[in-house]
Amino acid sequence: MRAAAGAAAAAGVFLAAGCSSDGGGKGEAAGGVPVVEKGKLTTCTHLPYPPFQFEQNGKVVGFDVALIDLVAKNLKVEQKILDTPFENFKTGAFLNSGECDLAAAGMTITDERKKNVDFSLPYFDATQALLATKKSGITSLADVKAKNKKLGAQAETTGESYAKGQGFDPVAFESSDAVLNGLRTGQVDAVVIDYPVVQGWLKDQKNADEFVLGKQSIETGEQYGFSVKKGNTALLAAIDKAITDAKADGTYKKIYEQWIGPLPQAAS
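What you see is a predicted model, and the numbers here were worked out from it, not measured in a lab. (Residues numbered from 1 in each chain as written. Predicted model: local features only at pLDDT ≥ 70, side-chain atom pairs only at ≥ 80, totals over all residues. Heavy atoms only, no water.)

Asks: Looking at this model, I keep getting lost on the packing of aromatic side chains. Mind explaining?
Replies: Describing an aromatic ring pair means giving the distance of the ring centres and the angle of the ring planes. Applying the stated criterion across every chain yields a total of 15 aromatic pairs. Between phenylalanine 63 and tyrosine 256, the aromatic rings sit 5.7 Å apart at their centres with planes inclined by 85 degrees, giving edge-to-face as the arrangement. Separated by 193 residues along the polypeptide, phenylalanine 63 in helix H1 (residues 63-74) and tyrosine 256 in helix H11 (residues 251-259) bring together distant segments of the chain. Comparing phenylalanine 63 with tyrosine 256 shows no difference in burial state: the two are buried. Connected via pairs of aromatic rings, a cluster forms that spans Tyr49, Phe52, Phe63, Tyr123, Phe124, Tyr224, Phe226, Tyr252 and Tyr256. Taking NZ or CZ as reference, lysine 145 lies 4.8 Å from the ring centre of phenylalanine 168, over its face. Over the face of the ring belonging to tyrosine 252 we find lysine 247, whose NZ or CZ atom lies 5.0 Å from the ring centre. (Phe/Tyr/Trp six-rings, centres within 6.5 Å; stacked < 30°, edge-to-face > 60°. Helix = DSSP H or I, 4+ residues; strand = E, 2+ residues; numbered from the N terminus. Buried < 20%, exposed > 50% of the residue type's maximum accessible area, 1.4 Å probe, protein only. Lys NZ or Arg CZ within 6 Å of the ring centre and 35° of its normal.)

Here is the structure:
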């Protein structure tokens, strides 16, 4: 995994290298919510994963970042972000070891993951998408199979699981950037990955000229959630309150439109 370099501060967000706290000592946020570092709400994520979390002009920004900023504001602390391997999100390793207070990484809520972590209320309805090189002539997964082309996905994600469930043996890439690079360099002919990620890629004209979106979105019924250590009910309640309040007062809609695009009626 690529380690995050340096430190970035934006709207109270700090990006720290590695997977340990600064040693500031454990603390307590507003309302008696325990935190692993005094004055901070430490978030484990996996960079980059635009539009949910990524670095822009030296700052960590994105949809997930903005939502967790709301939690941090309510708790009267500042969000601090640690860049960590995505595979650890399934096990809750960094939550259990006290490295982080929560995980926010465009992570789908699944029964398997619920065995290891507690999830917040769903905050995003997700679908998968197929993106292919234009020269491949692929517009569907059926084309991938019929043309005997190579399919890729990000490792340890539901996109990879979906592809495997459809009978494929996808090439696994460590990050979303690596997925895109694999497509661009011909390591694969098509990829399955979250639709909002593809939307972001296609905003770049170079990508729009080179790649084509599959004819249909891949509806998997996925919903994203933030995760905490099992039994951390105080922080979970604070996250749920921030999500609920943001949806009620229009803040969620504003954040969604800033980072994702027009808000579907069902999600408002």
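Asks: Looking at this model, I keep getting lost on the side chain of threonine 108. Mind explaining?
Replies: Tracing the backbone through its elements, the reader meets threonine 108 in the loop between strand E9 (102-103) and helix H4 (111-114). Leave out the neighbours within four places in its chain, and threonine 108 touches Arg113, Phe119, Thr158, Glu222, Gln223 and Tyr224. (Contact = heavy atoms within 4.5 Å.)

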